[in-house]
Amino acid sequence: MLKSTLVPILSTFPTKPKRLFTKLPWQTIITNTYTQSPQPVHQNASLTTPAPLHQHHHPPTSAYIHLPFCRKRCHYCDFPIVALGSTNPTDNDPRISNYIELLQREIVSTRSDFDTTPPLETVFFGGGTPSLVSPRMVLSILDTLRVKFGVCEGAEISMEMDPGTFDYRKVKDLMGMGVNRVSLGVQAFQEELLKSCGRAHGVREVYEAIEILGSCGVENWSVDLISSLPHQTPQMWEESLRLTIEARPKHVSVYDLQVEQGTKFGVLYTPGEFPLPCETQSAEFYQMASRMLTDVGYRHYEISSYCEDGYECKHNYTYWKNKPFYAFGLGSASYLNGKRF
């Protein structure tokens, strides 16, 4: 769906080259508060001696599912995806159906090597754009997880969705099979910024998506925004934050753009040079988001995450607390017994 730099999910993905920032005092405070200085872990599955962290040996209660399908590749995205084109795919599209079949085989063949296998407490469908996959296929994945591991009643089941890729019927079907949290990839409320990012949706689709989630009764939903986009001004960023607040999601994720090699942005732009905001402006964007969102009652509970009380993303806490987790699909990485693979 998104992604720019995913700071809170560094535990999930390989380390990438970062924009060079001088750590400011407020960054140090937040980093120390939320990362709790986790001990290093082995990143090579061939290593045999796991790091001596007790929680490494607990059986996972979380699973990440990578559904790598998008309509098109955004200009900042370097994730492994399959661009399907502008039309909504069908269940008969072999690019999707074959992938789902292999994904289910991967789940079934996974060895847990634990004496007990507790049911999953969180499942996160990430992308790509998971909302392009039909509810029937999502249900087949959930059914496979239920048979293999079990899924707790009331488990947090999250799905990333992009505006323009779902309607009322699809959302109701997904809710009926257990999806109870939606992460909406808005990114910006300015048409020109969405176009310059290569997003497949416009502002009209954003408002339509928000209306659909409300009419379906989705209570737990999040808005994703990106700061430090090319030509983005403080006024644009303030407007995106204000319109997000007016929509009143339970959760807001704010990501700072990271320019990656091999992307269109990587070809066009050099970090820190015009038209990208400088590091000082990027820090100001961060502070503006923190101030505006906390002023209206959102709690700044992770570096890039804000929520109303009780609506923290439980799945992301798995990464932050250095707990083990299963991960399935093309761009995923599991973390079991102190090993990432």
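In case you missed it, the structure is sitting above this.
Computed from a predicted model, the values in this text were never measured in an experiment.

(A) Quick look at the environment of Leu142. Position of Leu142 relative to the elements: it lies in helix H3 (residues 135–148). Sequence-wise, Leu142 and Val123 are 19 residues apart; in three dimensions their C-alpha atoms are separated by 8.8 Å. Contact partners of Leu142, with chain neighbours within four places excluded, come to Val123, Phe125, Ile157 and Met177.

(B) View of the packing of aromatic side chains. Scanning the entire structure with this criterion turns up 12 aromatic pairs. A centroid spacing of 5.3 Å and a plane angle of 85° characterise the contact between Phe69 and Tyr99, whose relative ring orientation is edge-to-face. Placement of the pair is Phe69 in strand E2 (residues 69–70) and Tyr99 in helix H2 (residues 94–109), with a sequence separation of 30 residues. No difference in accessibility class separates Phe69 from Tyr99, as the two residues are buried. Here Phe189 and Tyr207 contribute two aromatic rings whose centre-to-centre distance is 5.9 Å and whose plane-to-plane angle is 55°, an arrangement assigned as tilted. With Phe189 in the loop between strand E6 (181–187) and helix H5 (191–197) and Tyr207 in helix H6 (residues 203–216), this pair connects stretches of sequence that are 18 residues apart. By relative accessible area, which is 43% here, Tyr207 ends up partly exposed. Taken together, the ring pairs connect Tyr76, Phe265 and Tyr269 into an aromatic cluster. One residue, Arg340, lies across the ring of Tyr335, its end atom 4.2 Å from the ring centre.

(C) Spatial organisation of the layout of surface pockets. Considering only enclosed or pocket space, the second largest pocket measures out at about 300 Å³ in volume. Along its surface, the second largest pocket is lined by 17 residues, and Thr61, Ser62, Glu121, Thr318 and Lys323 are the ones closest to its centre. Residue assignment for the lining of the second largest pocket shows that the elements contributing at least two residues are strand E4 (120–126), strand E5 (151–161) and helix H10 (314–320). Within the lining of the second largest pocket, the residues separate by chemical class into five nonpolar, seven polar and five charged.

(D) Summary view of the sheet that holds strand E8 (residues 251–256). On the basis of which strands lie adjacent, the open sheet formed by nine strands has the order E9-E10-E8-E7-E6-E5-E4-E1-E11 and mixed pairing. The sheet is open, and its two edges are formed by strand E9 (299–302) and strand E11 (326–328), each paired on a single side. Mean inter-strand twist for the sheet, computed between neighbouring axes without regard to direction, equals 20°. As paired elements, strand E7 (residues 221–227) and E8 share six bridges and run parallel to each other. Within E8, the position partnered with Ile226 by the bridge is Tyr255. Strand contacts of H2: strand E1 (62–66) and E11, with the helix running at about 155° to E11, the strand carrying the most contacts.

(E) Structural context of helix H4 (residues 168–176). For H4, every residue scored as buried is listed here: Lys170, Val171 and Leu174. With its buried residues spanning 95° around the axis, H4 presents them on a single face. Buried positions along H4 lie against H3, E5 and H6. Between the side-chain oxygen at the start of H4 and the backbone nitrogen of Arg169 there is a gap of 3.3 Å, and the oxygen is on Asp167. Count one or two residues on from H4 and you reach Gly178, which has phi positive near 120°.

(F) Looking closely at H3. Helix length check: H3 (14 residues) gives 20 Å between terminal C-alpha atoms against 20 Å at 1.5 Å per residue, within 8%. Of the residues making up H3, those classed as buried are Pro135, Met137, Val138, Ile141, Leu142, Thr144 and Leu145. Buried residues along H3 sit against E1, H2, E4, E5, H4 and E11. Positive phi shows up at Gly150, right after H3, with a value of about 85°.

Parameters at a glance
Residues numbered from 1 in each chain as written. Predicted model: local features only at pLDDT ≥ 70, side-chain atom pairs only at ≥ 80, totals over all residues. Heavy atoms only, no water. Helix = DSSP H or I, 4+ residues; strand = E, 2+ residues; numbered from the N terminus. Contact = heavy atoms within 4.5 Å. Phe/Tyr/Trp six-rings, centres within 6.5 Å; stacked < 30°, edge-to-face > 60°. Buried < 20%, exposed > 50% of the residue type's maximum accessible area, 1.4 Å probe, protein only. Lys NZ or Arg CZ within 6 Å of the ring centre and 35° of its normal. 1 Å grid on protein atoms, 1.4 Å probe; cavity = no way out; pocket = protein on both sides within 12 Å on 5 of 7 lines; lining within 4 Å. Points joined across faces, edges and corners; volume = space filled by probe spheres on them. Nonpolar A, V, L, I, M, F, W, Y, C, P; charged D, E, K, R; others polar. Pairing = 2+ DSSP bridges. Axes fitted to C-alpha atoms, helices over the stretch in contact; angles between N-to-C directions. Arc of directions from axis to C-beta. Polar contact = N/O pair within 3.5 Å; in protein donor to acceptor, adjacent residues only side chain to side chain. Expected span 1.5 Å × (residues − 1).

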